[in-house]
Amino acid sequence: MNPFTFDEIFEQNERRIYYHIQKLNIRDPHQDFFQEGLIALWSAYEKHKPDKGPMATYFNFTIRNRLIDKVRKESRQTDNDEKVITERIKDHNDGNYFTTSETSYPLVDTTDIPVQDSYMWNCLKENLTSNQWKWINYFIIKDLSVKEIADLEDKSEEAIKSWGRQARKKLKDEELQKKLGFHTK
């Protein structure tokens, strides 16, 4: 059993924690390292065996090593965070993005989208205006939003919606559906 209470030990050794924080050149604006030192002090108080050596030496050893461990842990965490950020920036800047002055949109890689009936798509393209085809291409095939298309084409969202309405209207046309090979009743 320890002859001193932890409160007494803390009063006598609080400056020891601050000493090690300063000696290791640790910035501690949120008192995280002080808390770690306090936990180390408590741990050393609980585990100290008087026959193994002076309590002060054990406190110094425990506090210093716990602070170093925390510095290493935070350094590893910072390195890992930087790696993740670097990867995200690299992915973001891989060339498959359309960027306006305010926003950036990923472009869908269309190489994986199978166009199984090239005759149908060519026939459809021939029967639509260039703007209607842009709407089909961007909105249906590449899965972009109206806002993204508007930014990409430097047009208003209303103009893009109008392209979509016109394209839908043409797609409902029975003659075009017959040409495309869709059977209507």
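Procedures and definitions
Residues numbered from 1 in each chain as written. Predicted model: local features only at pLDDT ≥ 70, side-chain atom pairs only at ≥ 80, totals over all residues. Heavy atoms only, no water. Salt bridge = Lys/Arg side-chain N within 4 Å of Asp/Glu carboxyl O. Helix = DSSP H or I, 4+ residues; strand = E, 2+ residues; numbered from the N terminus. Buried < 20%, exposed > 50% of the residue type's maximum accessible area, 1.4 Å probe, protein only. Core = buried A, V, L, I, M, F, W, Y, C linked by side-chain atoms within 4.5 Å. Contact = heavy atoms within 4.5 Å.

> Could you give me a rundown of the pattern of salt bridges, with the residues and numbers involved?
A side chain of one charge can pair with a side chain of the opposite charge when the charged atoms of the two come close. Taken as a whole and assessed by the stated rule, the structure comprises five salt bridges. Salt-bridge contacts for Glu 153 lead to Lys 134; the nearest nitrogen and oxygen are separated by 3.1 Å. Placement of Glu 153 in helix α6 (residues 146-153) and of Lys 134 in helix α5 (residues 130-141) is noted, with a sequence separation of 19 residues between them. For Glu 158, the salt bridge identified is with Lys 161, shortest N-O distance 3.8 Å. Of this pair, Glu 158 and Lys 161 are both found in helix α7 (residues 157-171), three residues apart, which corresponds to roughly one turn of the helix. For Lys 161, a relative accessible area of 37% gives the class partly exposed.

> Residue-level account of unusual backbone geometry, with values.
Excluding glycine, residues mostly have negative phi values, and the peptide bonds linking residues are mostly trans. Phi angles above zero are rare outside glycine, and Gln 31 is one such case at about 65°. Summarising the element assignment, Gln 31 is placed in the loop between α1 (6-23) and α2 (32-47). Residues other than glycine seldom take positive phi values, yet Asp 154 does so here, at roughly 55°. By the element assignment, Asp 154 lies in the loop between α6 and α7.

> Tell me about the nonpolar core, residues and numbers included.
In terms of nonpolar packing, the biggest core is built from 19 residues, with Trp 121, Leu 124, Trp 133, Trp 135, Ile 136, Ile 160 and Leu 180 touching the most fellow members. Secondary structure elements with two or more residues in this core: α4 (118-126), α5, α6, α7 and α8 (174-180). Among the elements that make up this core, the one with the highest residue count is α5 (five residues). Not counting the four nearest positions on each side in its chain, Trp 135 is found in contact with Ile 140, Ile 160, Trp 163, Gly 164, Ala 167 and Arg 168.

Structural measurements only, silent on function.
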